[in-house]
Amino acid sequence: MALKPTIYKFKLSVSDLNHDYFDSLNLIVALHPSETKERMMVRVLAFCLHAYQDHENLMAFTKGLSAIDEPDIWLRGLDDQLHLWVDVGEPSFERIKKSCRLAKQTYVYSFNSKSNAWWKQSQAQFSTLPVNVLSFDWQEVQALSALLARKVEFSVTLSGESAFIAAEHEQVEVNWQALQLDEN
C-alpha cells in the first residue's frame, strides 16, 4: 500500500518589505512521503517570496515530487499562460532549460548541504539560461523546520535577503544568497 502525504495547514501573515506587500495567506501543504520537512518548508518560504506577484490568487503548489513535468510552485494566469515556475532543490539543466521555454520567469531555490557542490557543477550551464538561482542557508532551514507543527501560525517578514519567521514562542531568521539573477 502506498503511503499517503501528510497534510499541514499554515496561517501566514506576510510582510514583504522589499515589494510593499502585506497579506495573510492560508496554505494547505502536502508533505510527500519521500519529501523532507526541510524541503517542504523551503517550498512554503518560496511561496511567501513570490506572493507579491500573485494579484489574482492563482499561484499554487503542484503535485511536486509526484509529477516530474511540473514545478513545485507555479503561477498560471487566467489565460493559462505560465508566468512563474519555481523549483526547490537541485534540478537538472535539462529540466530548467525546459522550464525557461514554458514560463516567463523561472526560479530555483537550493537549500541543503550539497547545494554548493551542485552549483559548482551546474553554474556554467545555467549561465546560458534566463533563470534565477538562489540558495538558502542549510542550518537556518533546519531551524525553520524545527518550528513545524500540523497547524502553524507564522508571521513572515521579508527584508533584503532574509526572512524573519516568528512563531508563537520562537523565531528564526533564514537568509538566502542570489547565485544567478535573470536581468530581463
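Everything below is about the structure printed above this text.
Right, let's walk through the structure included here.

1. Comments concerning empty space enclosed by the protein
One way to see where empty space is left: roll a probe the size of a water molecule over the atoms. Scanning all chains against the criterion turns up two cavities of 30 Å³ or more. A volume near 50 Å³ is recorded for the largest cavity. Residue lining of the largest cavity: Leu 12, Met 41, Val 44, Leu 45, Cys 48, Leu 144, Phe 154, Val 156 and Ile 165, and that is the complete set. Elements supplying a minimum of two residues to the lining of the largest cavity: α1 (37-50) and β8 (151-159).

2. A few points about the nonpolar core
The biggest cluster of nonpolar side chains holds 44 residues, and the ones touching the most others in it are Phe 10, Leu 12, Leu 27, Tyr 109, Phe 136, Leu 144 and Phe 154. In terms of residue count, the dominant contributor to this core is α1 (nine residues). Ignoring anything within four residues of it in the chain, the contact list for Leu 27 reads Tyr 8, Lys 9, Phe 10, Leu 12, Val 44, Phe 47 and Phe 61. Grouped together as the second largest cluster of nonpolar side chains are 10 residues, Phe 93, Val 108, Leu 129 and Val 131 included.

3. Comments concerning the side chain of Thr 106
Tracing the backbone through its elements, the reader meets Thr 106 in strand β6 (residues 105-110). A distance of 3.4 Å separates a polar atom in the side chain of Thr 106 from a polar atom in the side chain of Ser 99. Excluding residues that lie within four positions of it along the chain, Thr 106 makes contacts with Trp 85, Ile 96, Ser 99, Cys 100, Val 131 and Asn 132.

4. Details of the packing of α1 against helix α4 (residues 138-145)
Where α1 contacts α4, the two axes come as close as 9 Å, and the packing angle between them is 95°. In terms of orientation, α1 lies roughly perpendicular with respect to α4. Within the contact between the two elements, α1 uses Lys 37, Glu 38, Met 41, Val 42 and Leu 45 and α4 uses Trp 138, Val 141, Gln 142, Leu 144 and Ser 145. Counted by class, the contact of α1 with α4 contains six nonpolar, two polar and two charged residues.

Basis of the calculations
Residues numbered from 1 in each chain as written. Predicted model: local features only at pLDDT ≥ 70, side-chain atom pairs only at ≥ 80, totals over all residues. Heavy atoms only, no water. 1 Å grid on protein atoms, 1.4 Å probe; cavity = no way out; pocket = protein on both sides within 12 Å on 5 of 7 lines; lining within 4 Å. Points joined across faces, edges and corners; volume = space filled by probe spheres on them. Helix = DSSP H or I, 4+ residues; strand = E, 2+ residues; numbered from the N terminus. Core = buried A, V, L, I, M, F, W, Y, C linked by side-chain atoms within 4.5 Å. Buried < 20%, exposed > 50% of the residue type's maximum accessible area, 1.4 Å probe, protein only. Contact = heavy atoms within 4.5 Å. Polar contact = N/O pair within 3.5 Å; in protein donor to acceptor, adjacent residues only side chain to side chain. Axes fitted to C-alpha atoms, helices over the stretch in contact; angles between N-to-C directions. Parallel < 35°, antiparallel > 145°, perpendicular 65-115°, else oblique. Nonpolar A, V, L, I, M, F, W, Y, C, P; charged D, E, K, R; others polar.

Geometric values such as these leave the question of function open.
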